[in-house]
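The residues making up each chain are set out below.
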Amino acid sequence: MPDALSEHYADLLEGSYDCVDRLVLNAYFRMGHSGGGFRTWWQKLYGSEEHLDNAHLMRLAGRFGRRLRAFAKARNIPVVDCKRGERKHEIAEEYLARHTGKPGLFLILVSKAQAPVWEISGKCHLERKKPMPYVNHYSFHIWDPEWGHITLKISGHPPFPAQVILNGHEYVACQARRKKIDFEKEGNCFTRITDAAGLAQIADTLSEERMIGRLTEVCERWIYTTCLCFALSLEEQQRSEFHYQYSVYQAEYSRNLLFQRGARMEQVFQAMVDRSRAPLGIERVKTLLGCKRRPTFHRKDSPSRRWGVVVEKPTYDLTVFKIVCRRITLKIYTKGERVLRLEALVHNTKELGCGRELIRFPRIVVRLRQLLERFVQVLSWVDFCFIADETLEQLPQSACVGQTRVGGIDLNQARMRAVAEAVVTLAALPRGFSASTLATEVQSRGQAEYTPRRATYDLKKFRAKQLVCKIEHTRRYEATRNGVRALTALLVLRDKVIKPLLAAACRRQRHRQTRNLTVVDQHYETLRSTMSKLFIELGIAA
């Protein structure tokens, strides 16, 4: 999908595609999560409440583990007991690299995690253990013919809550192989695509309504016969009417820009980070250093993988530019040798306010796409900032908001500069910002006496200049396109150009010149010498 950022760098791009990335679905037995419902289910399972006690609950959990280990031993499926702090996805990647691509279960990981557990007190009274105890969780790693590598994580205690972890890029890769689209895949991204339009069309299917049925199908294909059967046999599942329902817990949506050359991508990205970090208030840019070398691609012998080239564990320098807003994360980083990825991640879909049931999945994807597009827009506005000729003249003048006349914006005042910086910093927030949020941001910039009431009045000034607009039917605000560009330009001119040049022009002592000047230092030196001559001609320098 075209945006301002990709259009600006279109000459450097080979292609782009949008894709739903990591998906985490919660599978839950609704009846088993309430005391009365659990009692009813137990009666259907055993015919009475005679054995409803803590001992039988523990026996049910122990039976799960014994059956699972016996099944794995009989079929030579590795079972790995993970210790605290171990990265389970790295263990899975090692076994996945040796996997032949045959559909089915190939690895089981056992680890401890918190889960709801029922406790039976006198007269069969049910209550949850508090705090939630750490119990065994079994992660079933499965190769699915349509979704590739999927993970089913299930608790060993009734009512056996589970999570299904899927990856949209794996789904697109499997479907591309079926349609004989040649590609190269490095880790979790496509680095070379022969049919970009065809691959983008496959990726777009992840946002369609019919994907609800496909997600339900892949979950039920494995969860009852491969995972839950160790706790409850198929006959017990039918007798007790045990059936999972699904909701979307976490989701990622990514936009991937494939550059023609990796060196140009690095230049573009590093310049973008350098220009956007200060205005957007990023305190830290995370950089992972590794051995940077161009990966070697090896084609797999398996017929099911002959259409794709995959490098499972690339090593490269990775810089992550990230904005966190409560349970939503927006980030941009390089992926592989030539891919620049922009990503919107929601850690709990409750934050989106559009429902969490699986039937809401298309709406969740649309909402994530909107968050990502807003993030891309703000990056492009900050990256390509400008200020019109009349803006400097009009900003200090008074204006009207409706029938109310408000004062102008004088950026020579420290308070108004802090407000302008705060507005640019909050521009990337997914849901806009309130007057209280603005006041808190301004206070962090040295204006301790700044209150939400002052923020409300200052926001009226910015609205009068069309730098900020109010979101309909809410008490929240968002920065406009021209507002972000103009404010960023004004702040950059003052902090990065005017102040350094004036400081250099007023400096009388000559310091030893640095030999290894960067490109920015060379530009500053040229401007300093030229501005010194201009000041002399204008009569404002001795």
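The structure we're discussing is the one just above.
Quick caveat, the model's predicted, so the values are computed rather than measured.

Peer 1: Can you lay out the overall build of the protein chain for me, pointing to particular residues and giving the numbers?
Peer 2: Along the backbone of the protein chain there are 16 helices and 20 strands. Counting over 542 residues, the protein chain shows a buried share of 50%. Put simply, of all contacts in the protein chain between residues at least 6 apart along the chain, 68% involve residues at least 24 apart. Total accessible area on the protein chain stands at roughly 28200 Å², and carbon and sulfur atoms take up 49% of it.

Peer 1: Give me the lowdown on the pattern of salt bridges, citing residues and values where you can.
Peer 2: Under the criterion given, the structure shown has 23 salt bridges. One salt bridge in this structure joins Asp 182 and Arg 192, with 3.4 Å as the shortest N-O distance. Of this pair, Asp 182 sits in the loop between helix H5 (168–178) and strand S9 (183–186) while Arg 192 is found in strand S10 (residues 189–193), placing the two residues 10 residues apart along the sequence. Across the salt bridge formed by Glu 351 and Arg 326, the nearest N and O atoms sit 3.4 Å from each other. Of this pair, Glu 351 sits in the loop between strand S16 (339–346) and helix H10 (361–383) while Arg 326 sits in the loop between strand S14 (318–325) and strand S15 (328–335); the two residues are 25 residues apart in sequence, bridging distant segments of the chain. Glu 351 gets classed as buried once you look at its relative accessible area, which sits at 9%. Each of the salt bridges in this network shares a partner with another, and the network as a whole consists of Asp 144, Glu 146, Glu 217 and Arg 221.

Peer 1: Describe the packing of H5 against helix H6 (residues 196–204), with residues and values.
Peer 2: Contact pair H5 / H6: the axes reach a minimum separation of 9 Å and the direction vectors enclose 130°. Classified by the angle their axes make, H5 and H6 are oblique. Note that H5 runs across H6; the crossing there is right-handed. Facing Val 172, Gln 175 and Ala 176 of H5, the residues of H6 in contact are Leu 199, Ile 202 and Ala 203. Looking at the contact of H5 with H6 residue by residue, the class counts come to 5 nonpolar, 1 polar and no charged.

Peer 1: Could you give me a rundown of the packing of aromatic side chains, with the residues and numbers involved?
Peer 2: For the coordinates displayed, the defined rule picks out 20 aromatic pairs. Between Phe 64 and Phe 160, the aromatic rings sit 6.2 Å apart at their centres with planes inclined by 40°, giving tilted as the arrangement. One end of the pair, Phe 64, is in helix H3 (residues 54–74); the other, Phe 160, is in the loop between strand S7 (148–155) and strand S8 (162–167), with 96 residues separating them in the sequence. Across this residue pair, the class does not change: Phe 64 and Phe 160 are buried. Ring centres 6.5 Å apart and planes at 35° place the aromatic pair Phe 433 and Tyr 477 in the tilted group. One end of the pair, Phe 433, is in the loop between helix H12 (414–425) and helix H13 (435–443); the other, Tyr 477, is in strand S20 (residues 477–479), and 44 residues separate them in sequence. Judged by relative accessible area, which is 7%, Tyr 477 ranks as buried.

Peer 1: Outline the nonpolar core, supporting the account with residue identities and numerical values.
Peer 2: Ranked by size, the top nonpolar core spans 139 residues in total, and within it Phe 140, Phe 160, Tyr 244, Phe 361 and Leu 438 carry the most contacts. For this core, the leading source of residues is H10, giving 12 residues. Among all residues touching Phe 140, those that are not within four sequence positions of it are Phe 64, Leu 68, Leu 105, Leu 107, Ile 108, Ile 150, Thr 151, Leu 152, Ile 154, Thr 226, Cys 227 and Phe 230. Counting 9 residues, the second-largest nonpolar core is a separate cluster that includes Val 80, Cys 82, Leu 96 and Leu 109.

Basis of the calculations
Residues numbered from 1 in each chain as written. Predicted model: local features only at pLDDT ≥ 70, side-chain atom pairs only at ≥ 80, totals over all residues. Heavy atoms only, no water. Helix = DSSP H or I, 4+ residues; strand = E, 2+ residues; numbered from the N terminus. Buried < 20%, exposed > 50% of the residue type's maximum accessible area, 1.4 Å probe, protein only. Contact = heavy atoms within 4.5 Å. Areas by Shrake-Rupley, 256 points an atom, 1.4 Å probe, with all protein chains shown as cover. Salt bridge = Lys/Arg side-chain N within 4 Å of Asp/Glu carboxyl O. Axes fitted to C-alpha atoms, helices over the stretch in contact; angles between N-to-C directions. Parallel < 35°, antiparallel > 145°, perpendicular 65-115°, else oblique. Left-handed = near helix turned anticlockwise from the far one by under 90°. Nonpolar A, V, L, I, M, F, W, Y, C, P; charged D, E, K, R; others polar. Phe/Tyr/Trp six-rings, centres within 6.5 Å; stacked < 30°, edge-to-face > 60°. Core = buried A, V, L, I, M, F, W, Y, C linked by side-chain atoms within 4.5 Å.

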